[in-house]
Amino acid sequence: MKYSNIPAAQLIVQLCKQKNIQHIVISPGSRNAPLTIGFSEDPFFNTYSIVDERCAAFFAMGIAQQIGRPTAVICTSGSALLNYYPAVAEAFYSDIPLMVISADRPAYSIDIGDGQTIRQKNVFENHILYNANLKQDIRKEGTVVFGDGKLQPEIMNALSSGNLQNGIQHYNSFEVNKAINIAIGKKGPVHINVPFEEPLYQMIERPTVAINPDHLKDENFDSDNEELSAYVDIWNASERKMILVGVNPPNAIEQRLLNILGKDDSVIVFTETTSNLSHENFFPGIDKIIAPIEKDVNSEQLFAELKPDVLLTFGGMVVSKKIKAFLRKYQPNHHWHVDTKKAYDTFKCLGKHFQTTPNEFLESFLPQTKSVESEYHPHWFKVQNYRRKKHKEYLSEIPFTDFKAFDQLLTAIPDNYQLQLSNSSTIRYAQLFEINERTTVFCNRGTSGIDGSTSTAIGAATVSDEPTLLISGDLSFFYDSNALWNNYIKNTFRIIVINNSGGGIFRILPGHKNTDNFDTYFETKHNLQADHLCEMYGFEYLKAENASEVEEGLSTFFNSSDKPKLLEIFTPRQLNDEVLLKYFEFLNQK
């Protein structure tokens, strides 16, 4: 086995191995050669080479999203590192353990006019859990470590390079271990920046670095175990309790705990597709409850009846803007949030943050509670059932549009699939349908950007035992089309692109539609198709332009194949928004 002869590179590789960080995504470059050599030469690691740095970072994030442990992404110096930023921000807000390891130039090369050199230290400062800025190794006598050497303290001249290197190595080992521990324990992105001096490609047969055992220690990030009796009393005295669940990983909460909540008439549990929770008495499709009330002549009275006394929230970001607007206007008396790390005051009334996992909280809390007689759940459950009936009626009446296409494709997903959704219209349409409970659902809702959805899905599919389907809008897909420049795409991977010739979401927002200005600067109307991309990247391509063609395409779409597949569904750009906006009016018809 080969090793880089640079101590810092050996140290990083060894610590990643000791901490069981197996997946390493490498953006090809020269300055990061010592790291590339170390990781790619060791069979312990699964290494991936992805040229486009933005795609590489989202690909790595998709892996980390699935395995729940840090995945490392490695790049050369310069602007390569900045291309990681969108994924770093997403990982920060979605609590995904992404490890960025960037090779840097020596300190004396910064800001003197050398090429491929920027100020890399702390570059992600506002969206990172920890910055580990490593020190440059002293690899030979006379190595310059303080600028041009002229300002080097006299005491340094009296120290041997060996003693200096031991101190540097001790510091670097401590910093790398701390960064890894934080990524593991606090579930988020960390940045390790390591300067390398040339030569970069020299290799040795045996490592020269031994890790200090003290630097392998894990850090404990304990959850709170506080007294719950006061909150139990409030809960038991309330006849209207609402639980709102945002992005939540599959199997994070035991079903027996969900069953307790589902049997309590005083509790409404609102979920979204990304909540990955299922119970027959829960309320998926939040907007099917909220939006029709907005259009009702008695909206004030109805919202007052829906207003909870206690609001309990957990999970990540919530998609529905309507539930946010409702709870900000009709604030509960008590809002409690459960999360090990943070609690956003989304509804401007947060009163308590329980710093633990939702499962641990419910396991401690629910045995102390009692079911409360109430009409809260029974009443709104009748409303939900009525809206479900109206939903089916509406689908039977409308022409082929985005709405009809989503119904067809979401119904066709086989059991035990992983579903990745892009942002914008796609994730919003998905909220209006009840997805098979044996489907796990993911979406980059941390920053809600359209960039990186395809790359994330491909990364997730790489390590998932379940086959993966990505449903994407056209702009999101074309924006991240370099994601397909990837040698690790499984034959089971499937993509469905809803091509409505532009940013269809802008047509349902306030604005002056059907003008040249709107078409160009907001909707960004286009005539692009995915067939040439599929030919270039080795995907089997299918297309559909009406309901019968969608049905025909889906009939074989999930069958096994020698290539990954893409189905492109073309929908009428100027009709989609009309059908969607009329949907909520139809739900409210008596």
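A few points on the structure. (Residues numbered from 1 in each chain as written. Predicted model: local features only at pLDDT ≥ 70, side-chain atom pairs only at ≥ 80, totals over all residues. Heavy atoms only, no water.)

The subject of this paragraph is the packing of aromatic side chains. Given two aromatic rings, one states the distance between the centres and the angle between the planes to describe the pair. All chains considered together, the criterion is met by 32 aromatic pairs. Relative to Phe59, the ring of Tyr48 lies with its centre 5.3 Å away and its plane at 65 degrees, an arrangement referred to as edge-to-face. A residue pair is termed long-range when its members are at least 10 positions apart, and Tyr48 in strand 3 (residues 46-49) and Phe59 in helix 3 (residues 53-67) qualify at eleven residues. Where Tyr231 meets Trp336, the ring centres are 5.3 Å apart and the plane angle is 85 degrees; that geometry is what we call edge-to-face. Highlighted residues: Tyr231 in helix 7 (residues 229-237) and Trp336 in strand 13 (residues 334-338), separated in sequence by 105 residues. Look at Trp336 and you get buried, because its relative accessible area is 2%. Just above the ring of Phe584 sits the side chain of Lys322; from NZ or CZ to the centre is 5.9 Å. Between Arg494 and the ring centre of Phe557, over which it is positioned, the NZ or CZ distance is 6.0 Å. (Phe/Tyr/Trp six-rings, centres within 6.5 Å; stacked < 30°, edge-to-face > 60°. Helix = DSSP H or I, 4+ residues; strand = E, 2+ residues; numbered from the N terminus. Buried < 20%, exposed > 50% of the residue type's maximum accessible area, 1.4 Å probe, protein only. Lys NZ or Arg CZ within 6 Å of the ring centre and 35° of its normal.)

Next up on the list: the packing of helix 3 against helix 16 (residues 453-463). Direction vectors running N to C along helix 3 and helix 16 enclose 45 degrees, while the axes themselves pass 7 Å from each other. In terms of orientation, helix 3 and helix 16 fall into the oblique class. Classified by chirality, the crossing of helix 16 by helix 3 is right-handed. Packed against helix 3, whose contacting residues are Cys55, Phe58, Phe59, Met61, Gly62, Ile63, Gln65, Gln66 and Ile67, the element helix 16 presents Ser455, Thr456, Ile458, Gly459, Ala460, Thr462 and Val463 at the interface. Its residues assigned to classes, the contact of helix 3 with helix 16 shows nine nonpolar, seven polar and no charged. (Axes fitted to C-alpha atoms, helices over the stretch in contact; angles between N-to-C directions. Parallel < 35°, antiparallel > 145°, perpendicular 65-115°, else oblique. Left-handed = near helix turned anticlockwise from the far one by under 90°. Contact = heavy atoms within 4.5 Å. Nonpolar A, V, L, I, M, F, W, Y, C, P; charged D, E, K, R; others polar.)

Bringing the nonpolar core into the picture now. Soluble, globular proteins show a tendency: their nonpolar side chains are buried together. Within the largest apolar cluster, 42 residues are counted, with the highest numbers of intra-cluster contacts made by Val25, Tyr84, Phe477, Phe493 and Ile495. For this core, the secondary-structure elements that each account for two or more residues are helix 3, strand 4 (71-75), helix 4 (85-94), strand 5 (98-104), helix 16, helix 17 (474-479), strand 18 (494-499) and helix 19 (531-537). Per-element tally for this core: the top contributor is helix 3, with nine residues. Sequence-distant contacts of Tyr84, defined by excluding residues within four places in its chain, comprise Ser27, Glu53, Ala57, Val73, Ile74, Cys75, Val100 and Phe124. The next biggest cluster of nonpolar side chains, apart from the first, holds 41 residues, and it includes Tyr417, Leu432, Ile435 and Leu567. (Core = buried A, V, L, I, M, F, W, Y, C linked by side-chain atoms within 4.5 Å.)

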